[in-house]
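Given next are the chains, with one letter for each unit.
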Amino acid sequence: YIIMFNEKKENPNPVGERNIIAKNSSLVGDIKSDGDFRVDGKIEGTIQTSGRVVIGKEGYVSGTIDCTNADIEGTFSGKLIVDQILSLKSTADISGDVVMGKLSVEPGAVFNATCAMKSAVKVIQNGTEKTKKTA
């Protein structure tokens, strides 16, 4: 009866990858990452991530965000594409074009945007179901 203690398991999806744009910081340009983002400063450009984007109360983003989930407390202006859930807190101020899977809005949030909800359309073809995403 042998017990192995030194077995290392590789984690294919690292947990805890978090990028922070701190208060009083400003960034102009495009960002691409697999990790989560928290913006408490100012970004002008594009954020593309397969993770979550959080815009803090004093955060400001102008440009494009393409992410899986988003929680917004601050200000966003531009094009916002959220594959799953967009959550707008009461202090959020959104303007531009928004495409998302699901939307959650707290009372008090400002939402001045064209809005489209993604949906999964099931197509039955030769007796098998195929899921087709539409925007």
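To be clear, the structure that these remarks concern was listed above.
Residues numbered from 1 in each chain as written. Predicted model: local features only at pLDDT ≥ 70, side-chain atom pairs only at ≥ 80, totals over all residues. Heavy atoms only, no water.

Peer 1: So, the pairing of strand S7 (residues 69-72): which residues are in play, and what are the values?
Peer 2: Residue alternation in S7 divides its side chains into two sets, Asn69 and Asp71 and Ala70 and Ile72, and both sets are buried. Sheet topology note: the strand S5 (residues 52-55)/S7 ladder contains 4 bridges and is parallel. Of the residues in S7, the one forming a bridge with Val54 is Asp71. Where S7 lies against strand S8 (residues 75-88), 3 bridges are found, and the strand directions are parallel. Paired with Ala70 across the two strands is Leu86, which belongs to S8. (Buried < 20%, exposed > 50% of the residue type's maximum accessible area, 1.4 Å probe, protein only. Helix = DSSP H or I, 4+ residues; strand = E, 2+ residues; numbered from the N terminus. Pairing = 2+ DSSP bridges.)

Peer 1: I'd like to hear about the environment of Thr64, residue by residue, with values.
Peer 2: Checked against the element boundaries, Thr64 lands in strand S6 (residues 60-67). Note: C-alpha distance between Thr64 and Leu80 (16 residues apart in sequence) is 5.8 Å. Apart from residues no more than four positions distant in its own chain, Thr64 is found in contact with Gly45, Thr46, Ile47 and Lys79. (Contact = heavy atoms within 4.5 Å.)

Peer 1: Describe the environment of Ser119, naming the residues involved and giving the relevant values.
Peer 2: Relative to the helices and strands, Ser119 resides in strand S11 (residues 119-125). For Ser119, a relative accessible area of 37% gives the class partly exposed. For the pair Ser119 and Met100, spaced 19 residues apart in the sequence, the C-alpha separation amounts to 9.0 Å.

Peer 1: Go over the pattern of salt bridges with me, naming the residues and quoting the values.
Peer 2: For the structure on display, the rule yields 5 salt bridges. Lys23 is the salt-bridge partner of Glu58, the closest N and O atoms lying 3.4 Å from each other. With a gap of 35 residues between them, Glu58 in the loop between S5 and S6 and Lys23 in the loop between strand S1 (18-21) and strand S2 (26-33) connect regions that are remote in the sequence. Exposure remark for Glu58: the relative accessible area of 55% places this residue in the exposed category. Here Asp71 ties to Arg52 by a salt bridge, and the two come within 3.0 Å at their closest N and O atoms. Taken together, the residues span a long stretch of sequence, with Asp71 in strand S7 and Arg52 in strand S5 at a distance of 19 residues. Overall, Arg52 belongs to the partly exposed group, its relative accessible area being 32%. (Salt bridge = Lys/Arg side-chain N within 4 Å of Asp/Glu carboxyl O.)

Peer 1: Would you mind going over unusual backbone geometry in detail, with residue names and values included?
Peer 2: In this model, Asn24 sits at a positive phi of 70 degrees, which is unusual for a non-glycine residue. One can find Asn24 in the loop between S1 and S2.

Peer 1: So what about the nonpolar core? Which residues, and what values?
Peer 2: Within the largest apolar cluster, 23 residues are counted, with the highest numbers of intra-cluster contacts made by Ile47, Ile65, Ile72, Phe76, Leu80 and Leu86. At the level of secondary structure, the elements contributing two or more residues to this core comprise strand S3 (36-39), strand S4 (42-49), S5, S6, S7, S8 and strand S9 (93-105). With 5 residues, S8 is the single largest residue contributor to this core. (Core = buried A, V, L, I, M, F, W, Y, C linked by side-chain atoms within 4.5 Å.)

Peer 1: Can you tell me about the side chain of Asp40, naming the residues and giving the values?
Peer 2: Its location among the elements puts Asp40 in the loop between S3 and S4. At 3.0 Å, the side chain of Asp40 and the side chain of Arg38 are in polar contact. Excluding its chain neighbours within four sequence positions, the residues that come into contact with Asp40 are Ile21, Ala22, Lys23, Gly56, Glu58 and Gly59. (Polar contact = N/O pair within 3.5 Å; in protein donor to acceptor, adjacent residues only side chain to side chain.)

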